[in-house]
Amino acid sequence: MITAKARAVDGPDKSFRAAEIKRRDLDSNDVLIEIKYAGICHSDIHTAHGEWGPVNYPLVPGHEIAGIVTAVGPHVTKYKIGDRVGVGCMVDSCGECENCRKGEEQYCLNGNIPTYAGVDKYGEPTQGGYSTHIVVTEGFVVRIPDNIELDAAAPLLCAGITTYSPLNHWGAGPDKKVAVLGMGGLGHMAVQIAHAMGADVTVLSQTLKKKEDGLQLGADHYYATSDPETFVQLAGTFDLIINTVSAKLDLNAYLSLLALDGTLVNVGAPAEPLSLNVFSLIGHRRSYAGSMIGGIRETQEMLEFCAEHNIAPMIEVISADQIDEAYKRVLASDVKYRFVIDISTM
């Protein structure tokens, strides 16, 4: 067993504490990664606070992981010691169901194994990237291109793929008008990716305070959703809206902004149920959809796309002792736009 230093939380209202966790010995196809950086995702906060259901505490969150391979199992062929690699939101799946065979492991019909707050195939609880080391089967490790710094690479493993996947699936491109709802950790990635795909990009944010950032990152237009005139002016405009907001919204109002055959896709995951009037869909053959992360193949594709187009998140690097403060700041929308933990401070 490998001992890793970590930061763990013991309950919904608890602060993070220093901890030691055990990582399994390497199986034949496993890779040992020395974690250099781990991003803080809103999903970490939801889970740590027990907002998405019961949690088996103590919990070590973190599914935006960037690091270096330090050991490999005897049958590993994809990676060698010294490789720059990443791990995202899942560390295994059944590999046999229809969705896994299609390379859509995130939708494994038997349930993928999440990087943390799950149970692995050995029956042990999974613990995430707020730690110095992790052991992962090589099929769920991705290669980080040389021109992406490791600290910037970490958020791409969730925020990057969570926005790339629906933009790719619904065909964002030169002939599409795409709106990004929310200008946060996910939203600022969606703007860059949609712009690089050639779409006409609009940011819909509560206020205009981040307008300069949005335009700099590639948005063509920027509107405040707190202004009722926005919904009048933009009615029937967009082919695709990516909703990155993890809060309850008036879905009917945003569905009214879709053009004929337009789609509103939720990637933000609020804890509260959402509701809508079906006539918001029927009137213009609109669709309301959801999207998770991407599969491993698509995640690697996303990394190569970001490397090619010089796309990177705007980050604030923090120490391991600043996690509690960072959580509070995320909830207050006081970050531009992703916290990344320097794991050397463990």
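Quick notes on the rules
Residues numbered from 1 in each chain as written. Predicted model: local features only at pLDDT ≥ 70, side-chain atom pairs only at ≥ 80, totals over all residues. Heavy atoms only, no water. Helix = DSSP H or I, 4+ residues; strand = E, 2+ residues; numbered from the N terminus. Rg over C-alpha atoms; globule rule 2.2 N^0.38 Å. Buried < 20%, exposed > 50% of the residue type's maximum accessible area, 1.4 Å probe, protein only. Contact = heavy atoms within 4.5 Å. Areas by Shrake-Rupley, 256 points an atom, 1.4 Å probe, with all protein chains shown as cover. Lys, Arg positive; Asp, Glu negative; His and termini not counted. Charge placed at Lys NZ, Arg CZ, Asp CG, Glu CD. Pairing = 2+ DSSP bridges. Axes fitted to C-alpha atoms, helices over the stretch in contact; angles between N-to-C directions. Parallel < 35°, antiparallel > 145°, perpendicular 65-115°, else oblique. Left-handed = near helix turned anticlockwise from the far one by under 90°. Nonpolar A, V, L, I, M, F, W, Y, C, P; charged D, E, K, R; others polar. Salt bridge = Lys/Arg side-chain N within 4 Å of Asp/Glu carboxyl O. Polar contact = N/O pair within 3.5 Å; in protein donor to acceptor, adjacent residues only side chain to side chain.

*Asks:* Hey, could you go over the overall build of the protein for me, with residue numbers and the actual values?
*Replies:* Within the protein one finds 10 helices and 17 strands. In summary, the protein has a C-alpha radius of gyration of 20 Å against a globular reference of 20 Å for 346 residues, a match within 12%. Projected onto its principal axes, the C-alpha positions of the protein cover 60 × 40 × 35 Å. Counting the 346 residues in the protein, one finds 55% classified as buried. Residue pairs at least 24 apart in sequence account for 67% of intrachain contacts in the protein once pairs closer than 6 positions are excluded. Per element, the accessible surface of the protein, about 14,800 Å² overall, is 49% carbon and sulfur. Averaging the locations of the 28 positively and 43 negatively charged side chains of the protein gives two centres separated by 1 Å.

*Asks:* Help me get a handle on the sheet that holds strand 10 (residues 177-181), residues and values and all.
*Replies:* On the basis of which strands lie adjacent, the open sheet formed by 6 strands has the order 12-11-10-13-14-15 and parallel pairing. Bordering the open sheet on either side are strand 12 (221-224) and strand 15 (287-290), each of which pairs with just one other strand. The mean inter-strand angle of the sheet, taken between neighbouring strand axes irrespective of direction, is 20°. Two elements, strand 10 and strand 13 (residues 238-243), share 4 bridges in a ladder whose sense is parallel. Looking at strand 13, one finds that Val 178 is bridged to Leu 240. Together, strand 10, strand 13 and strand 14 (258-266) form the strand contacts of helix 3 (residues 150-169), whose direction differs from that of strand 13 by roughly 160°.

*Asks:* Tell me about the packing of helix 3 against helix 4 (residues 187-196), and please be specific about residues and values.
*Replies:* Where helix 3 meets helix 4, the axes come as close as 9 Å, and the angle between the chain directions of the two elements is 50°. Classified by the angle between their axes, helix 3 and helix 4 sit oblique to one another. Handedness of the crossing formed by helix 3 with helix 4: right-handed. Here Leu 156, Ala 159, Gly 160, Thr 163, Tyr 164 and Leu 167 of helix 3 lie close against helix 4, whose contacting residues are Met 189, Ala 190, Ile 193 and Ala 194. Residues that form the contact of helix 3 with helix 4 fall into these classes: 8 nonpolar, 2 polar and no charged.

*Asks:* Tell me about the side chain of Asp 213, residues and numbers included.
*Replies:* Inspection of the secondary structure assignment puts Asp 213 in helix 5 (residues 211-217). The buried category is assigned to Asp 213, whose relative accessible area is 11%. Residues contacting Asp 213, with those up to four places away along its chain left out, are Met 183, Lys 336 and Tyr 337.

*Asks:* Quick rundown of the pairing of strand 17 (residues 338-342)? Include the residues and the values.
*Replies:* On a regular strand, one side chain projects to one face of the sheet and the next to the other, so that they alternate. For strand 17, a buried count of 5 out of 5 residues is recorded, marking the element as mostly surrounded by other parts of the structure. Across the two faces of strand 17 the burial is the same, with Arg 338, Val 340 and Asp 342 and Phe 339 and Ile 341 all buried. Judged from the 3 bridges that link them, strand 3 (residues 30-39) and strand 17 form a sheet pairing that is antiparallel. By the bridge assignment, Tyr 37 is partnered in strand 17 with Asp 342.

*Asks:* Explain the pattern of salt bridges to me, using residue names and the numbers behind them.
*Replies:* Pairs can form between side chains of opposite charge whenever their charged atoms are close. Tallied over the full model, the rule gives 14 salt bridges. Linking Arg 143 and Asp 83 is a salt bridge whose minimum nitrogen-to-oxygen distance equals 3.2 Å. You can see Arg 143 sitting in strand 9 (residues 142-143) and its partner Asp 83 sitting in the loop between strand 4 (65-72) and strand 5 (84-87), a full 60 residues away along the chain. Using a relative accessible area of 33% as the deciding quantity, one classes Arg 143 as partly exposed. You can call Asp 83 buried: its relative accessible area is 8%.

*Asks:* Give me the lowdown on the side chain of His 188, citing residues and values where you can.
*Replies:* In this fold, His 188 is placed in helix 4. Separated by 2.9 Å, the side chain of His 188 and the backbone nitrogen of Met 314 make a polar contact. His 188 has contacts with Met 183, Leu 217, Pro 313, Met 314 and Tyr 337, leaving out every residue within four places of it along the chain.

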